[in-house]
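Survey of secondary and tertiary structure
Residue-level listing of the chains:
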Amino acid sequence: MHGHERDGLEILHRAPVDMNGFLGADIPSSDFITNCMHCGLCLPTCPTFSLTGLEKSSPRGRIRLMKAVTEGTMAITEGFVEEMNFCLDCQACETACPAGVKYGALVEASRAQIYEQGRASWLEGILKMFFFGYVFASKRRLRLLSKFLRFYQQSGLENILTMTGAMRLFAPKLAKLQRLSPRIDKTFFDESLPEIIRPAGEIKHRVAFLSGCIMNVAFSEVNRDTVEVLLRNGCEIVVPRTQECCGSLQAHNGDIESARTLARKNIDIFSMFHFEAVVMNSAGCGAFMKEYGKYLAEDDRYSEKSRAFSAKVKDLTEFLVSINFEKPSHSLNARVAYHDACHLAHAQHITAEPRAILKAIPGIDLVELPEAAWCCGSAGIYNVVRHDDSMKLLERKMHNIGTTGAEIIVANNPGCLSQMNYGLNIYKMHGEVIHIATLLNRAYKQ
Ligand code: SF4
Ligand code: SF4
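Residues numbered from 1 in each chain as written. Chains lettered and ligands numbered in written order. Predicted model: local features only at pLDDT ≥ 70, side-chain atom pairs only at ≥ 80, totals over all residues. Heavy atoms only, no water.

**Thoughts on the packing of helix 22 (residues 352–359) against helix 26 (residues 436–445)**
At a minimum axis separation of 11 Å, helix 22 and helix 26 run at an interaxial angle of 25 degrees. As far as their axial angle goes, helix 26 and helix 22 are roughly parallel. In terms of crossing hand, the pair formed by helix 22 and helix 26 is left-handed. Each of Pro354, Ile357 and Leu358 in helix 22 lies in contact with helix 26, whose residues at this interface are Ile436, Leu439 and Leu440. Split into classes, the residues belonging to the contact of helix 22 with helix 26 amount to six nonpolar, no polar and no charged. (Axes fitted to C-alpha atoms, helices over the stretch in contact; angles between N-to-C directions. Helix = DSSP H or I, 4+ residues; strand = E, 2+ residues; numbered from the N terminus. Parallel < 35°, antiparallel > 145°, perpendicular 65-115°, else oblique. Left-handed = near helix turned anticlockwise from the far one by under 90°. Contact = heavy atoms within 4.5 Å. Nonpolar A, V, L, I, M, F, W, Y, C, P; charged D, E, K, R; others polar.)

**Let's talk about the sheet that holds strand 8 (residues 334–338)**
Spatially, 9-8-10-11 is the arrangement adopted by the four strands of the open sheet, whose pairing is parallel. In this open sheet, the two edge strands, each paired with only one partner strand, are strand 9 (364–367) and strand 11 (432–434). Taking each pair of neighbouring strands and ignoring which way they run, the sheet shows an average axis angle of 30 degrees. Looking at chain direction, strand 10 (residues 408–410) and strand 11 are connected through three bridges and run parallel. Paired with Val410 across the bridge in strand 11 is Ile434. (Pairing = 2+ DSSP bridges.)

**Digging into empty space enclosed by the protein**
Within the structure shown, the criterion is met by five cavities of 30 Å³ or more. In this structure, the largest cavity encloses a volume near 130 Å³. Breaking the lining of the largest cavity down by element, the ones donating at least two residues are helix 3 (59–71) and helix 5 (92–96). Counting residues per element, the lining of the largest cavity draws most heavily on helix 3, at three residues. (1 Å grid on protein atoms, 1.4 Å probe; cavity = no way out; pocket = protein on both sides within 12 Å on 5 of 7 lines; lining within 4 Å. Points joined across faces, edges and corners; volume = space filled by probe spheres on them.)

**Description of the sheet that holds strand 3 (residues 196–197)**
Hydrogen bonds along the backbone pair up the strands of a sheet, which may run parallel or antiparallel. The strand order across the open sheet built from five strands is 3-5-4-6-7, with neighbouring strands paired in mixed fashion. What marks the edges here is a single partner per strand, and that holds for strand 3 and strand 7 (313–315). Pairing between strand 6 (residues 277–280) and strand 7: three bridges, direction parallel. Its bridge partner lying in strand 7, Met280 is registered against Asp315. Here helix 19 (residues 303–312) sits on the sheet and contacts strand 6 and strand 7; the angle it forms with strand 7, its principal contact strand, is near 25 degrees.

**A short note on the site of ligand 2**
Every residue near ligand 2 is listed here: Cys46, Pro47, Thr48, Pro59, Arg62, Cys87, Leu88, Asp89, Cys90, Gln91, Cys93 and Tyr103. Of the pockets mapped on this structure, ligand 2 occupies the second largest cavity. Contributing elements (two or more residues each) for the shell around ligand 2: helix 2 (47–52) and helix 3. Considered class by class, the residues forming the shell around ligand 2 number eight nonpolar, two polar and two charged. (Near = heavy atom within 4 Å. Sits in = over half its atoms within 2 Å of the grid points.)

Keep in mind these numbers describe shape, not what the thing actually does.
Encoded structure:
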């Protein structure tokens, strides 16, 4: 074994690792790595660099590490795994990059390498295998687990284990997970509505809706608000009963084959219906479904279908603005701040549309949140597997929220909603963190 140190990490000489196989045909990974001019403009936007001040925890440093792995001058070491997992995949560096480096695709390709080589830590390995490879791979299993969790939350068992301190003593990691996990709803969203929902008046648009995995079982009210907003705007909505999770959690954590399998299933299921757009209310899911075309670019049977499907995927705010949505006429007197979810602002470049909708609600005093597009620390399961780092980012976010004096914080991603509501709780702050569909529907119903 030959080795030396670079950026504090062990560099080993090994066979080159081909990252291209993990990316779509139109994402030449080595080109994107080569594109990096090492200018460092991305560094001030990187939350993990802000936590450590270390080059290896910055986008530029990580790109150097990925380059070394790609060129075979470095093995996938523990240090490499650590840096890839420390990254939030928030893609703020992509927004800042003048050279168009597709950092998100690169880090996901690296995680795929790590996953394939079984190099994740034991806890992460188990969590990822169980949740992403098994539970989230099937809506039926997710539903079963959610019912079990609901029983645990509502039967009093959770209170007993928490109040006696038993959970913290015997399963400290689970205790953290429990504090952060959303409350499971009494009725899941897809149990409460028919597969096709029609507006009372004229049908102006036909859309499909992804009910989501977590959104379906823990944010069913947000989904219902979304449906009511779409109905109000003359949409007929199809919510395919047999739809699967979008696959984003799997892809972001390195299990790209499982993500592709889910993408193929969803394309087949949704294609049984007629619609002009697939409307999304979860930033992470929307960003990933817009990438189906890239992930399946080399699949002869799905390359065209997936591209056509991705072209129809629209975030709720993007869709509403495109159809010139109905402006509410009644006033909602409230000071509101908007948090840009990473996968909406950085991955989909949607920042103007949510603000345009909020400004259209009479009586709302929209204040700009300092560092609105800075990650809140949720980032999938980051707040569980890297709890301490996540909490430092949450503290920064909650401090910024506190400076606005806003009583309503709007965020359009389930992870951000849970994380910042948790922040309100631990910092004993007043207010609420809600989805834009909830606020808009509130204004419509006034
Ligand atoms: S901003 Fe772009 S080109 Fe500059 S160091 Fe960062 S990734 Fe490289
Ligand atoms: S994705 Fe986010 S955390 Fe990762 S390197 Fe880029 S800015 Fe930093």
